[in-house]
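What follows is the residue order along each chain.
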Amino acid sequence: MSNELRSFLALSYGELEELNLHAKEQRKARTAAHKIQEERLKYLTDEKRIKAVTVLFSDLEGRLHMLDYDKKFLIKSYDNLTFDGSSIRGFTAQRESDLRLGIDWSAFYWGPADVFGNGKVMVFGEVIDKNGSPYSADMRGVLKGFAAEQFKKHGYTLNAANEIEGFLFKGADAERTYHETGKFEYVNTGGYYHSLPGDPLRSFIDTTAEVQRAMGFENEKDHPEVAPSQFEINYGYGEVVAAADQIALYKLICRQVANNMGMTACFLPKPVVGVNGSGMHTNVSIAKDGKNLFWDPAGEEKLSKFGYQFLDRILTHGNDTCLALNASVNAYRRLDPHFEAPNQIKASAVDRGSMVRIPIGNEKSMRVEVRSVGPDANPYLVMLSVFKTGLDGQIAKIKNLRQAERYLPDNIYTALEDFRNSEWVTTLLGEDVKTRYADLKQASADRCPRLLGTIVKAAEVQFHHDVYNQMLWNQF
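Residues numbered from 1 in each chain as written. Predicted model: local features only at pLDDT ≥ 70, side-chain atom pairs only at ≥ 80, totals over all residues. Heavy atoms only, no water.

1. Digging into the environment of Gly430
Position of Gly430 relative to the elements: it lies in the loop between α14 (423-429) and α15 (431-446). Judged by its relative accessible area of 25%, Gly430 is partly exposed. C-alpha separation for the pair Gly430 and Ala137, spaced 293 residues apart in sequence, amounts to 9.7 Å. (Helix = DSSP H or I, 4+ residues; strand = E, 2+ residues; numbered from the N terminus. Buried < 20%, exposed > 50% of the residue type's maximum accessible area, 1.4 Å probe, protein only.)

Written out as structure tokens, the structure is:
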């Protein structure tokens, strides 16, 4: 059918940015949920060019799922949406499969038609149990509840920004066809900050940045990373749930743009042996009444006592939460000290091998950077683990805790053991969700060779193949 016969919504990038920034400001201002719902429903009713609403939610491992609802149906039935939870990894068993899907009207996005199609808008969903309560395995809902509780009890606003690295490879399905090709092909070998205008990597970064800007990300900087064909596209911080939503959207945008260009955006932590892996450095701070509680001009490195206590709790529980922050077999290939990997459970202002870094900051930007996070981790689980641990965890009575000789696990089996044995993780997630998550990771680990090592020799091609073939399960 000719496009001339259709009349579906397709806005300019400038119009998209204006709409998305307005929605972002409403969210930041904590506009009452019923007011935003009323506004969104009126918009959907009045805007005749919208045909469908894409509702997004994540499973327990962080994979992004999307359901398209006809707009007219959604307007009538938004409070009675159901889906089969037994088909979602980590959700309900078959015998108790029905779950409800609520709409978080504040998390509403307009996407470019040339990337996501004409006539569609996007909104994040909330998984609701049969009894009407937030579903315990929906980490987004759990994170949202925790953040709301902190604001209500203490006036805390939890803020985060992520530096998400990835690789761009030749071919639209490079991950799926790896078992046939036996390799990933770089599109660029320039390295850190080096990419000529118009080359494939630069074109991909520029296009992705344009889409992010249109979707209200408020970009900061973008550049090729240290490894060949590696990229990082940075954007501004936000309230923790919105920040986690942006991680999910960032990866979705990158994958879609790359696919449209006949390439693959890959977020495996260590897709290529012998070069730096990809991380998801997680910068966090807490504000109250507009004041950054991590800032103290008289503090060591300008970090406040409150900030250091937050940091100390993260270090104390570094091994407990490692599996939440490094969720795949492949993630432990990245934690190799030969490639600037943050595998030491210590804090430093300068040592990038530390799990936690204290970046240079001012009254507005002072923060703590958790560097040990893999880009294939569940963003909502990462944020919950970091903030709940930093606020409610224990501080170990270890001499010189911030510089002690302690290391993160170098394989997923040790991380699984630490996770299963951790009393803190039970407090963090509850016994049921803790067990579900660990069982999913155990199943993934058991499909891979046990001993990973740090060097893969030419004779070990089959080993290399098995690792990557398995890790495709962890892409989303």
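More follows now that the structure is in view.
2. Some words on helix α13 (residues 412-421)
A turn of α-helix holds 3.6 residues, and therefore any two residues three or four places apart point the same way. Every buried residue belonging to α13 is among Ile412, Tyr413, Ala415, Leu416 and Phe419, and all of these are buried. The buried side chains of α13 occupy one side of the element, clustering within an arc of 160° when seen end-on. Of the surrounding secondary structure, the elements contacted by the buried residues of α13 are α10 (318-325), α11 (331-334), α14 and α15. Between a side-chain oxygen at the N-terminus of α13 and the backbone nitrogen of Tyr413 the separation is 3.0 Å; the capping residue is Asn411. (Arc of directions from axis to C-beta. Contact = heavy atoms within 4.5 Å. Polar contact = N/O pair within 3.5 Å; in protein donor to acceptor, adjacent residues only side chain to side chain.)

3. Topic: unusual backbone geometry
As a rule of thumb, non-glycine residues mostly have phi less than zero, and peptide bonds are mostly trans rather than cis. A positive phi angle is found at Arg30, which is not glycine, with a value near 55°. By the secondary structure assignment, Arg30 is in the loop between α1 (13-28) and α2 (33-46). With relative accessibility at 37%, the residue Arg30 sits in the partly exposed group. Although it is not a glycine, Glu301 sits at a positive phi angle of roughly 60°.

4. Topic: the environment of Lys48
Turning to its location among the elements, Lys48 is positioned in the loop between α2 and β1 (52-58). Separated by 40 residues in sequence, Lys48 and Phe8 have C-alpha atoms that sit 8.0 Å apart. A polar contact of 3.2 Å, which involves the side chain of Lys48, links it to the backbone oxygen of Thr45.

5. Observations regarding the packing of helix α5 (residues 139-154) against helix α12 (residues 379-392)
Look at α5 against α12: their axes get within 9 Å of each other, and the N-to-C directions meet at 30°. Once α5 is placed against α12, the crossing between them reads as left-handed. Of the residues in α12, those in contact with Met139, Arg140, Val142, Leu143, Phe146 and Gln150 of α5 are Tyr380, Leu381, Met383, Leu384, Phe387, Lys388, Leu391 and Asp392. Of the residues contributing to the contact of α5 with α12, the split by class is 10 nonpolar, one polar and three charged. (Axes fitted to C-alpha atoms, helices over the stretch in contact; angles between N-to-C directions. Left-handed = near helix turned anticlockwise from the far one by under 90°. Nonpolar A, V, L, I, M, F, W, Y, C, P; charged D, E, K, R; others polar.)

6. Re the nonpolar core
Membership of the largest hydrophobic core comes to 128 residues, with the highest contact counts inside it found for Phe231 and Phe387. When residues in this core are grouped by element, the largest group, 13 residues, is from helix α8 (residues 240-260). In terms of nonpolar packing, the next biggest core, distinct from the first, is built from 10 residues, Ala174, Phe184, Cys266 and Val275 among them. (Core = buried A, V, L, I, M, F, W, Y, C linked by side-chain atoms within 4.5 Å.)

7. Focus: the pairing of strand β7 (residues 219-224)
A regular strand places its side chains so that they alternate between the two faces of the sheet. Alignment of β7 against strand β8 (residues 230-235), held across four bridges, turns out to be antiparallel. By the bridge assignment, Pro224 is partnered in β8 with Phe231. Taken together, β7 and the strand that follows it, β8, pair antiparallel across an intervening segment of five residues, in which Ser229 is found at a positive phi of about 65°. (Pairing = 2+ DSSP bridges.)

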